[in-house]
Amino acid sequence: MLFEECRARREVQNRLSRMFTLRGYREVITPGLEYFDVFNLPGTAIPQQEMYKCTDNHGRLVVFRPDSTLPIARMAASRLQSQEKPLRFFYSQTIYRNRPDLSGRSDESAQMGIELMGASGLRADLEVISGAVAALSACAPDFRMEIGHARFFQALAEQLPLSDGEKESLRDTIESKNYAALSELLDPLGNLPAARAMAQLPRLFGGEEALSEAGRWFQDGETREILEYLKGLYAALGELGLGDRLMVDLGLVQRNDYYTGVVFSAYVHQRGDAVLLGGRYDNLCGKFGEPMPAVGFSLDLDAVAELQP
C-alpha cells in the first residue's frame, strides 16, 4: 500500500477507534500466531483448507490468525472471568485466509470490529447492530444492511436425514442462492415440512413482506419464536432510521459455525462481497470454559478505506 491508500486506511482506523471508544468499547490485540486447536473446536471449526499453517520449534501446529472472534472469546474466558459483565471490546488487526482460486479476494485482510460479551436479548443485539450502522455511516454512507437468523437453517437441518457434509453443501447452495442445486439436494427428501421450508429460505428476501411470507412456512414452536423475534428486531431497527437500507434475508447463513442467533451483513454498491459481517454466538465462550452470551461484527477495513475521497 502506498501514500494515499495508507492515509485513507489510517483515517478510517482513527475515526472508528474514536467511535468505538465513545460507545464504551476498549481495544484488545490478539496474537498473529495461534495454536491450531483454538480454531478447530467442535462446532466452531474454520475449514482447515482456509487456514495458513506452520509448526513451532516443538513441532506444534500453529496458524496465522484466520479470525478475531475466537481468540477474543478465549481471552475473555481465560483472563477476564472476574470482570463485571458485559465486556465490550474492539479490535483492529489482520486476519489470514487461504481464499479459493480466482475469488479476487486478498488472503491478508485488515479488519475492525466490536464484541459485546455477557449480554443477551434484543437490547444487546440492537446495541451492536446500531454500532455497525454508525460505523458504516461514518465510512460508507451508501450501504445496505441485511439481517437474518442462524437458527432458521440449523433448526430445519436438524430435522432432515442428511449427513454433516450434505448439510454443508445445503448451506453453500442457500448462501449462493443456487436454486437448481438446492432442488437437487432437497427433492429426494420428498414432502417433508422441514425440506419444503428449507427450499424457501433463499427466496425469503426483502422487507416486511418477506417476514409475512415466512409465517406460511415456519409453523413449529422454535422457528415461529425466531420469526417473532426477528419481526421485533426489524421494527426496532426501522425506528433507528434505516428505512429502505434495511432488508431481511432468511437465506443469510454465515459460514462460521459458531453463530447461534441473529446474523447480519452489509454491502456497498462498489463491491460485490459483504463489507461487514456479524451475529450472535452464545455458545462460543463456553468452549473455553466460561459460558456467556455474545454478539459482534467485523468490518473489512481495506474495502471501506477504498471508498474514502
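In case you missed it, the structure is sitting above this.
Residues numbered from 1 in each chain as written. Predicted model: local features only at pLDDT ≥ 70, side-chain atom pairs only at ≥ 80, totals over all residues. Heavy atoms only, no water.

S.K.: I'd like to hear about the side chain of serine 109, residue by residue, with values.
M.R.: Its place among the elements puts serine 109 in strand β6 (residues 108–117). The residues contacting serine 109, other than those within four sequence positions of it, are Gln93, Thr94, Ile95, Arg99 and Asp300. (Helix = DSSP H or I, 4+ residues; strand = E, 2+ residues; numbered from the N terminus. Contact = heavy atoms within 4.5 Å.)

S.K.: Account for the sheet that holds strand β10 (residues 262–268), with residues named and values stated.
M.R.: Pairing between sheet strands relies on hydrogen bonds along the backbone, with the strands arranged either parallel or antiparallel. Pairing within the open sheet is mixed, and its 9 strands lie in the order β1-β5-β6-β12-β11-β10-β7-β9-β8. Here the strands that pair on one side only, and so sit at the sheet edges, are β1 (26–27) and β8 (205–206). Looking at chain direction, β1 and strand β5 (residues 87–96) are connected through 2 bridges and run parallel. Residue pairing across strands places arginine 26 opposite phenylalanine 89, the latter belonging to β5. Its contacts with the sheet place helix α3 (residues 121–139) against β5, β6, β7 (143–149), β10, β11 (276–280) and β12 (294–300), and it is angled at close to 10 degrees to β12. Its contacts with the sheet place helix α4 (residues 150–157) against β7 and β10, and it is angled at close to 35 degrees to β7. (Pairing = 2+ DSSP bridges. Axes fitted to C-alpha atoms, helices over the stretch in contact; angles between N-to-C directions.)

S.K.: Mind laying out the packing of helix α5 (residues 164–175) against helix α6 (residues 179–186), listing which residues take part and the relevant values?
M.R.: The interhelical angle for the contact between α5 and α6, taken along N-to-C directions, is 150 degrees, at an axis separation of 8 Å. The angle between the axes of α5 and α6 places the two elements in the roughly antiparallel class. Regarding α5 and α6, the two cross each other, and that crossing is left-handed. Across from Ser169, Leu170, Thr173 and Ile174 in α5, the residues of α6 making contact are Ala181, Leu182, Leu185 and Leu186. Looking at the contact of α5 with α6, its residues break down into 6 nonpolar, 2 polar and no charged. (Parallel < 35°, antiparallel > 145°, perpendicular 65-115°, else oblique. Left-handed = near helix turned anticlockwise from the far one by under 90°. Nonpolar A, V, L, I, M, F, W, Y, C, P; charged D, E, K, R; others polar.)

S.K.: Could you give an account of the packing of aromatic side chains, naming the residues involved and the relevant values?
M.R.: Scanning the model with the defined rule gives 6 aromatic pairs in all. Ring geometry for phenylalanine 64 against tyrosine 96: centres 5.8 Å apart, planes inclined by 65 degrees, an arrangement best described as edge-to-face. With phenylalanine 64 in strand β4 (residues 61–64) and tyrosine 96 in strand β5, this pair connects stretches of sequence that are 32 residues apart. An angle of 65 degrees between the planes, with centres 5.8 Å apart, marks the rings of tyrosine 258 and tyrosine 281 as edge-to-face. Note that tyrosine 258 is positioned in the loop between β9 (246–249) and β10 and tyrosine 281 in the loop between β11 and β12, a separation of 23 residues in sequence. One aromatic cluster is present, formed by Phe20, Phe90 and Phe297 through successive ring pairs. (Phe/Tyr/Trp six-rings, centres within 6.5 Å; stacked < 30°, edge-to-face > 60°.)

S.K.: I'd like a rundown of α5, residues and numbers included.
M.R.: Taking 1.5 Å per residue, 12 residues should reach 16 Å; α5 reaches 16 Å between its end C-alpha atoms and fits that length. Among the residues of α5, those classed as buried are Lys167, Leu170, Arg171, Thr173 and Ile174. Buried residues of α5, viewed axially, fall in a sector of 165 degrees; they line one side. Where α5 is buried, its residues contact α4, α6 and α7 (193–200). Among the residues trailing α5, lysine 177 stands out with phi positive, at a value near 55 degrees. (Expected span 1.5 Å × (residues − 1). Buried < 20%, exposed > 50% of the residue type's maximum accessible area, 1.4 Å probe, protein only. Arc of directions from axis to C-beta.)

S.K.: So what's going on with the pairing of β5? Which residues, and what values?
M.R.: In terms of burial, β5 is largely enclosed, as 8 of its 10 residues are buried. As defined by bridge partners, β5 adjoins β6 across 10 bridges and the pair is classed as antiparallel. Each residue of the ladder has a partner; that of arginine 88, found in β6, is leucine 116.

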